[in-house]
Amino acid sequence: RAHAAAESEQPETPPPVETPTRRDDLTVYLLLPAANGSMLTQLLSTLENHQSHATLLLTPELLESAGDGVRRAAATGNAVALCISADKTLRAAVVGAGYCPLTVNRSVFTSSGSYWADTALKWAERSGSVRLYIGAESSVSSALGTALSRLRAESCTIAALNEVTA
């Protein structure tokens, strides 16, 4: 009895507190299409403000006309890629030149930066890296900042997709 009484008087061990998992092992590869020169400038500024990098998808026309933006992108650690969409002739020429075009699924997108970050983190449960294509809506720049802040808070690496990482 004395033994049982002593056991019941000992304080209970509190349940363990769940510590949020930090995703410092996760790399998010961003693919960002820029519709025009001013959007390219906005995207680059947002990426710089959040110390992040992306692959910027540019049309042949924008690539030709936005030399300063292309140079700025390269100088700040971003990648620049040719966006060829559904142009089969251009796609065939790219393949013929020895390049391997990536096909991007553009099925369902929203302009919510929180949604983008949540999606990347959810997909990351299965892999150490995620490729995140963010559509070309006009509100991308502001939503991008929200997504980058959230991913940075999770200690994610945010990088450009290139030949080595694809």
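So, how was this worked out
- Residues numbered from 1 in each chain as written.
- Predicted model: local features only at pLDDT ≥ 70, side-chain atom pairs only at ≥ 80, totals over all residues.
- Heavy atoms only, no water.
- Helix = DSSP H or I, 4+ residues; strand = E, 2+ residues; numbered from the N terminus.
- Buried < 20%, exposed > 50% of the residue type's maximum accessible area, 1.4 Å probe, protein only.
- Contact = heavy atoms within 4.5 Å.
- Areas by Shrake-Rupley, 256 points an atom, 1.4 Å probe, with all protein chains shown as cover.
- Axes fitted to C-alpha atoms, helices over the stretch in contact; angles between N-to-C directions.
- Parallel < 35°, antiparallel > 145°, perpendicular 65-115°, else oblique.
- Left-handed = near helix turned anticlockwise from the far one by under 90°.
- Nonpolar A, V, L, I, M, F, W, Y, C, P; charged D, E, K, R; others polar.
- Core = buried A, V, L, I, M, F, W, Y, C linked by side-chain atoms within 4.5 Å.

1. Some words on the overall build of the protein chain
Moving on, step 1. Check the secondary structure of the protein chain and you find seven helices and five strands.
Moving on, step 2. If you list the helices and strands of the protein chain from N to C, you get α-β-α-β-α-α-β-α-α-β-α-β.
Moving on, step 3. A buried classification covers 34% of the 166 residues belonging to the protein chain.
Moving on, step 4. Long-range pairs, those at least 24 residues apart, make up 74% of the contacts in the protein chain between residues at least 6 apart in sequence.
Moving on, step 5. Total accessible area computed for the protein chain in this model is approximately 10,300 Å², and 52% of it derives from carbon and sulfur atoms.

2. Observations concerning unusual backbone geometry
Moving on, step 1. Backbone geometry at Gln 51 places phi at a positive 45°, although glycine is not the residue there.
Moving on, step 2. When you line up the elements, Gln 51 lands in the loop between α2 (37–49) and β2 (55–58).
Moving on, step 3. Looking at Gln 51, the relative accessible area reads 64%, which means it is exposed.
Moving on, step 4. With phi around 65°, Ser 155 is a residue other than glycine that occupies positive phi space.
Moving on, step 5. Examined against the element boundaries, Ser 155 turns out to sit in the loop between α7 (140–153) and β5 (157–160).

3. Notes on the packing of α2 against helix α4 (residues 67–75)
Moving on, step 1. Viewed as axis vectors pointing N to C, α2 and α4 meet at an angle of 20°, and their least axial separation amounts to 10 Å. The angle between α2 and α4 falls in the class roughly parallel. In terms of crossing hand, the pair formed by α2 and α4 is left-handed. Across the interface between the two elements, Leu 40, Thr 41, Leu 44, Ser 45 and Glu 48 of α2 pack against Gly 69, Val 70, Arg 72 and Ala 73 of α4.
Moving on, step 2. For the contact of α2 with α4, a count of residues per class yields four nonpolar, three polar and two charged.

4. Concerning the nonpolar core
Moving on, step 1. Ranked by size, the top nonpolar core spans 31 residues in total, and within it Val 28, Leu 30, Leu 32, Leu 47, Leu 56, Leu 144 and Leu 151 carry the most contacts.
Moving on, step 2. For this core, the secondary structure elements donating two or more residues are β1 (27–33), α2, β2, α4, α6 (113–123), β4 (129–133) and α7.
Moving on, step 3. Setting aside chain neighbours within four positions, we find Leu 47 in contact with Leu 30, Leu 32, Ser 52, His 53, Ala 54, Leu 56, Asn 78, Leu 144 and Leu 148.
Moving on, step 4. Counting seven residues, the second-largest nonpolar core is a separate cluster that includes Tyr 29, Leu 31, Cys 83 and Leu 161.

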